[in-house]
Amino acid sequence: MATETLTARELTDLRLGTLHTAVSDWKTMVGRLEQLATGGNGEVSATDLEKKANAANWKGVNATVSREFVTKTAAQFADAADEAKSVLAVLRDAHAAFTKHKEDLRTATDELAKSNIYVNGNGKVAASVPSGQAAGDADIHKPTDGELDAAQSRITRILWEATETDRIAARALRQLARNKYDFTDQGPDSLKDADRDQGKADAEHWRKEIAKGDVSEWSEEKLARFNETLENQRDNPGFTEAFATGLGADGTLQFWRDLAAPPGGAVEGDRAKLMGHVQDNLSMALANASHSDSPAMETWKKDVIASGTKVFPVDPAMPMGPNGFQVMSSLMGKGKFDDDFLHDYGDAVLKYEREYPGDPGVAWRDTTDLTYPPTGNANDPVDGLMEALGHNPEASLEFFNDSTTADGKKLDNWDYLVGHDNDARKWPEGDDGKPLGYDNLGHALESATLGYAYDDQNPHIPPMKTEAQIEAREERTALMERVVNNYSSADVIEKQPGISDSLANMASGHIDSLNYSAADFGGSGEVNGRDARFGADKNHLADFGSTGTTNFLRALASDEDSYNTVSAAQQAYGTSVMAAQGDDEGDVKRVAMHSIMMHGMLDQARFESIGEQFADEKEAANRELEKQGAWPRLRRRCRDRYHCGGGFRGDHPGPCGGGDRRTARLRGGRRGRGDSYVEPDTRLASGERVRQHGRGTQGNRQGPGHRPAQCHDAAPELRTGSRNVR
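Keep in mind it's a predicted model, so treat the numbers as computed, not measured.

How each quantity is defined
- Residues numbered from 1 in each chain as written.
- Predicted model: local features only at pLDDT ≥ 70, side-chain atom pairs only at ≥ 80, totals over all residues.
- Heavy atoms only, no water.
- Helix = DSSP H or I, 4+ residues; strand = E, 2+ residues; numbered from the N terminus.
- Buried < 20%, exposed > 50% of the residue type's maximum accessible area, 1.4 Å probe, protein only.
- Contact = heavy atoms within 4.5 Å.
- Areas by Shrake-Rupley, 256 points an atom, 1.4 Å probe, with all protein chains shown as cover.
- Polar contact = N/O pair within 3.5 Å; in protein donor to acceptor, adjacent residues only side chain to side chain.
- Salt bridge = Lys/Arg side-chain N within 4 Å of Asp/Glu carboxyl O.
- pLDDT = per-residue confidence, 0-100.
- Pairing = 2+ DSSP bridges.
- Phe/Tyr/Trp six-rings, centres within 6.5 Å; stacked < 30°, edge-to-face > 60°.
- Lys NZ or Arg CZ within 6 Å of the ring centre and 35° of its normal.
- Patch = residues over 30% accessible without salt bridge, like charges linked within 9 Å, V, L, I, M, F, W, Y side chains within 5 Å.
- Lys, Arg positive; Asp, Glu negative; His and termini not counted.
- Charge placed at Lys NZ, Arg CZ, Asp CG, Glu CD.
- Axes fitted to C-alpha atoms, helices over the stretch in contact; angles between N-to-C directions.
- Parallel < 35°, antiparallel > 145°, perpendicular 65-115°, else oblique.
- Left-handed = near helix turned anticlockwise from the far one by under 90°.
- Nonpolar A, V, L, I, M, F, W, Y, C, P; charged D, E, K, R; others polar.
- Core = buried A, V, L, I, M, F, W, Y, C linked by side-chain atoms within 4.5 Å.
- Expected span 1.5 Å × (residues − 1).

Peer 1: So what about the overall build of the protein? Which residues, and what values?
Peer 2: Across its full length, the protein carries 29 helices and six strands. Going through the 726 residues of the protein one by one, you find that 52% of them count as buried. The contacts in the protein between residues at least 6 apart in sequence include a share of 72% that link residues at least 24 apart. Carbon together with sulfur atoms contributes 49% to the accessible area of the protein, which is approximately 33100 Å² in total.

Here it is in structure tokens:
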């Protein structure tokens with residue numbers, strides 16, 4: 001039965017005083033048992049008794065039976081002392097852990113309350129804003145959807161960690177008390193040791209179950225128990241390494257092939273949903289195991305790659321089916337795999353594919369259902385590889401800057417996977433004739449250019465304090481420049497269906513460098529002071545070129561969702577940079593006019609795209625234009641919100657009036673996966689922070705997807721596609 005997560009009320013009401021008393025009592029008990037076991041203070045001890053028994057001149061039956069009894073009894077006293085130490089260790093660590101969990105919850109609740117977010121007894125968050133009458137003229141902040149999602153993620157994580165502490169401690173204590181007539185000296189020395197030991201025990205249990213065969217015949221109840229074990233242990237190296245090495249490379253691949261694709265084909269209904277969870281949790285478990293550098297795991301990783309070309313048949317009587325690369329890649333959609341493993345695995349996959357006598361669509365033509373929910377598409381292992389890179393920014397950046405040699409020909413991975421020339425990859429096609437896998441490619445590019453997993457709900461923006469961190473930032477912007485130059489037209493993007501949302505997220509993440517690059521019209525950047533205005537040196541901005549930047553942004557804006565994402569990012573960034581200029585009204589005006597130009601460029605590209613899309617449907621075109629026309633209204637509302645005065649032309653905002661008015665903040669906190677709230681009273685540390693998206697998440701125990709940054713009190717009538725801007 002699945003472990004129920006502790007509620008906020010249960011954690012808050014937890015009486016740690018009782019647990020502290022138990023720790024004190026067991027500390028006393030340990031002292032007494034040690035004295036009985038080894039002596040001290042002149043007292044008789046089990047050790048003394050054992051010495052006397054061994055030294056005595058026993059005769060007859062006493063020479064065996066009595067001596068053995070005394071020796072065994074003496075050992076039990078020592079074991080009792082050791083077991084008491086284990087109980088004390090578990091209770092002591094549990095007390096320390098629960099103290100931290102309670103403090104974390106209290107701190108989070110207090111901090112969220114300052115943002116008008118309330119945490120109820122069940123651990124659910126909600127906005128708690130005074131009514132208009134109660135607020136009066138006060139400027140009351142209303143939490144955005146993004147803030148609420150981030151808050152829920154934070155509270156859920158705290159409660160999950162507390163539940164894990166409770167589960168591990170309770171199981172350890174039950175294990176120690178399982179034999180009422182015997183004691184053990186094999187107990188854990190800490191809660192961490194208990195977690196590791198439990199993981200190893202679970203891995204051995206399921207290794208034996210899998211070794212019995214016929215895993216496809218497991219009942220739904222047994223499959224649910226296996227999934228529960230994976231969910232509890234997927235981040236425990238004690239389990240993950242023992243499970244992977246216990247099965248071996250081929251055993252791991254064969255197990256998933258047998259479970260996912262039984263001879264009768266993919267399973268359906270509730271079992272199919274459960275299989276999706278098993279696949280995700282198994283992927284995260286293997287990702288965790290891959291970080292071990294033990295000899296056994298190093299062998300496992302090498303053997304998985306070596307088995308990449310080996311066929312794992314659905315039916316042993318028919319030697320046809322997916323090969324090792326296809327099976328392994330289907331288990332790489334979640335979790336962060338080891339850098340070196342991803343490099344070696346990716347190199348092997350691309351080498352095999354490029355040397356295969358046929359296009360990738362032929363090489364990977366097997367359609368065995370290895371992924372849940374089933375798609376019926378060919379099993380392209382590059383898809384899984386790209387997803388894995390999408391969760392490992394460092395490995396992804398290195399991968400796209402690296403090359404692979406096949407048939408003696410060295411080819412950049414970028415040129416092969418992203419490029420358009422004759423050497424570029426021909427991505428497998430679906431039944432509709434459109435290429436598949438570009439959404440996965442986009443995920444890998446996102447992590448490589450932004451420095452965090454593409455679906456990270458609460459990303460930690462890469463710092464820029466050390467030389468190594470600055471170098472990494474510059475490598476990310478260098479790769480982003482290749483993205484900008486590669487996707488220079490809507491036609492190029494349309495030929496890679498599924499990648500546009502990732503490109504928009506990348507653009508939002510590098511909105512600072514894109515603005516900086518666009519501010520060099522006619523090569524005037526050096527004389528118009530753009531370096532100082534945008535903080536080019538401090539923020540390590542890259543110049544992508546004015547023309548390339550314009551083409552890239554116009555190409556993105558032709559798509560409605562991408563237009564909404566980038567426009568929201570531009571709104572947030574433009575407002576922040578304006579406010580960051582301080583009292584220099586000239587720079588404020590220049591930044592404001594530049595932001596107007598950026599919005600105008602995006603608007604024009606979107607309008608042109610609508611005109612082309614609805615060339616024969618005037619009424620539909622007018623509706624789309626009217627919808628997009630809400631953006632100028634949005635900017636007018638933002639202008640009014642920030643008390644901007646004078647200097648306006650038409651619908652576009654000009655410079656703010658000055659003084660404290662420039663420090664008005666864009667409402668909202670850090671949003672979901674990758675976008676960030678930028679304080680306008682400081683220059684942006686990195687445009688990677690300003691990022692919007694509308695996609696759901698695919699990580700560990702994460703909540704729903706998030707919406708783009710929102711300008712407070714602006715145009716409530718603006719509802720565009722799946723992204724809502726209020």
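We are not done yet, so read on.
Peer 1: So what's going on with helix H15 (residues 381-390)? Residues and values would help.
Peer 2: Of all the ten residues making up H15, ten are buried; the element is thus mostly covered by neighbouring parts of the structure. What H15 keeps buried is the set Pro381, Val382, Asp383, Gly384, Leu385, Met386, Glu387, Ala388, Leu389 and Gly390. For H15, the secondary structure elements touched by its buried residues are helix H12 (324-329), helix H13 (339-355), helix H16 (393-400), helix H17 (413-417) and helix H18 (438-450). Of the residues flanking the start of H15, the one acting as N-cap is aspartate 380, its side-chain oxygen 3.0 Å from the backbone nitrogen of valine 382.

Peer 1: An account of the pattern of salt bridges is needed here, citing residue identities and associated values.
Peer 2: A full pass over the atoms with the stated rule returns 29 salt bridges. Across the salt bridge formed by arginine 92 and aspartate 93, the nearest N and O atoms sit 3.4 Å from each other. Where arginine 554 meets glutamate 608, a salt bridge forms, and the shortest distance between an N and an O atom there is 2.5 Å. Pair noted here: arginine 554 is in helix H25 (residues 546-557) and glutamate 608 is in helix H27 (residues 585-613), with a separation of 54 residues, a long-range link. Overlapping salt bridges bring together Asp520, Arg530, Asp531 and Asp543 as one network.

Peer 1: Break down unusual backbone geometry for me, with residues and values.
Peer 2: Between tyrosine 372 and the following residue, proline 373, the backbone shows a cis peptide bond with an omega angle of 0°. With respect to the secondary-structure elements, proline 373 resides in the loop between helix H14 (360-363) and H15. The phi angle at aspartate 214 is positive, at roughly 55°, despite the residue not being glycine. Structurally, aspartate 214 is set in the loop between helix H7 (191-211) and helix H8 (220-233). Aspartate 214 gets classed as exposed once you look at its relative accessible area, which sits at 60%.

Peer 1: Outline the confidence of the model for the protein, supporting the account with residue identities and numerical values.
Peer 2: With 76% of its residues at a pLDDT of at least 70, the protein reaches an overall mean of 81. Low confidence marks residues 637-726, where pLDDT is under 50. Its contacts with residues over four positions away, or in another chain, come to 290 contacts.

Peer 1: Please give an account of the environment of serine 86 that cites residues and values.
Peer 2: Within the element layout of this structure, serine 86 appears in helix H4 (residues 65-114). In this structure serine 86 comes out as buried when scored by relative accessible area, which is 3%. In sequence terms serine 86 and valine 30 are 56 residues apart; their C-alpha atoms lie 9.6 Å from each other. If near-sequence neighbours (up to four positions away) are discounted, serine 86 is found in contact with Leu176, Gly187 and Pro188.

Peer 1: Any chance you could break down the pairing of strand S4 (residues 409-412) for me, citing the residues and the numbers?
Peer 2: Pairing analysis gives four bridges linking strand S3 (residues 403-406) to S4, with the strands arranged antiparallel. Each bridged residue has a counterpart across the sheet, and for threonine 404 the counterpart in S4 is leucine 411.

Peer 1: Tell me about the side chain of histidine 510, residues and numbers included.
Peer 2: Here histidine 510 shows up in the loop between helix H21 (500-509) and helix H22 (511-518). The buried category is assigned to histidine 510, whose relative accessible area is 0%. Of note is the side chain of histidine 510, whose polar atom sits 2.7 Å from the backbone oxygen of threonine 449.

Peer 1: Can you tell me about the packing of aromatic side chains, naming the residues and giving the values?
Peer 2: Counted according to the given criterion, the structure contains 17 aromatic pairs. Considering the side-chain rings of phenylalanine 325 and tyrosine 352, the 5.9 Å spacing of their centres and the 55° angle between planes classify their relative orientation as tilted. With phenylalanine 325 in helix H12 and tyrosine 352 in helix H13, the pair connects residues that are 27 residues apart, well separated along the chain. A relative accessible area of 2% means that phenylalanine 325 is categorised as buried. Among the aromatic side chains, those forming a connected cluster through ring pairs are Phe325, Phe337, Phe341, Tyr345, Tyr352, Tyr356 and Trp364. It is arginine 530 that lies over the ring of tyrosine 516; its NZ or CZ is 3.9 Å from the centre.

Peer 1: Tell me about a negative patch on the surface, and name the residues and values.
Peer 2: Among the surface-exposed residues, Glu467, Glu471, Glu474 and Glu475 lie close enough to one another that they form a single negatively charged patch. By secondary structure assignment, the location of glutamate 474 is in helix H19 (residues 467-486). Classification of glutamate 474 by relative accessible area gives partly exposed; the value is 41%.

Peer 1: For the packing of helix H9 (residues 237-260) against helix H10 (residues 269-289), give the residues involved together with the corresponding values.
Peer 2: Interaxial distance between H9 and H10 falls to 9 Å at its minimum, and their mutual angle equals 135°. Put simply, H9 runs oblique to H10. Of the two possible hands of crossing, H9 and H10 adopt the one that is left-handed. Contact residues: Pro237, Thr240, Glu241, Phe243, Ala244, Thr252, Phe255, Trp256, Leu259 and Ala260 in H9; Met275, Val278, Gln279, Leu282, Ala285, Leu286, Asn288 and Ala289 in H10. Among the residues forming the contact of H9 with H10, the class breakdown is 13 nonpolar, four polar and one charged.

Peer 1: Describe the environment of glutamate 394, with residues and values.
Peer 2: When you line up the elements, glutamate 394 lands in helix H16. We classify glutamate 394 as partly exposed; its relative accessible area is 43%. As for glutamate 394 and tyrosine 452, which are separated by 58 residues in sequence, their C-alpha atoms are 8.4 Å apart.

Peer 1: Give me the nonpolar core: which residues, what numbers.
Peer 2: Core analysis: the biggest nonpolar cluster contains 108 residues, and Phe400 and Leu417 have the highest contact counts within it. The element best represented in this core is H9, accounting for ten residues. Grouped together as the second largest cluster of nonpolar side chains are 34 residues, Val90, Ala94, Leu112 and Ala169 included.

Peer 1: Tell me about the environment of leucine 417, and name the residues and values.
Peer 2: Here leucine 417 is to be found in helix H17. Accessibility expressed as a relative area gives 1% for leucine 417, which makes it buried.

Peer 1: So what about H10? Which residues, and what values?
Peer 2: With 21 residues, H10 should reach 30 Å at 1.5 Å per residue; the first-to-last C-alpha distance of 31 Å fits that figure. When you tally the buried positions in H10, you get 15 out of 21 residues, the bulk of the element.

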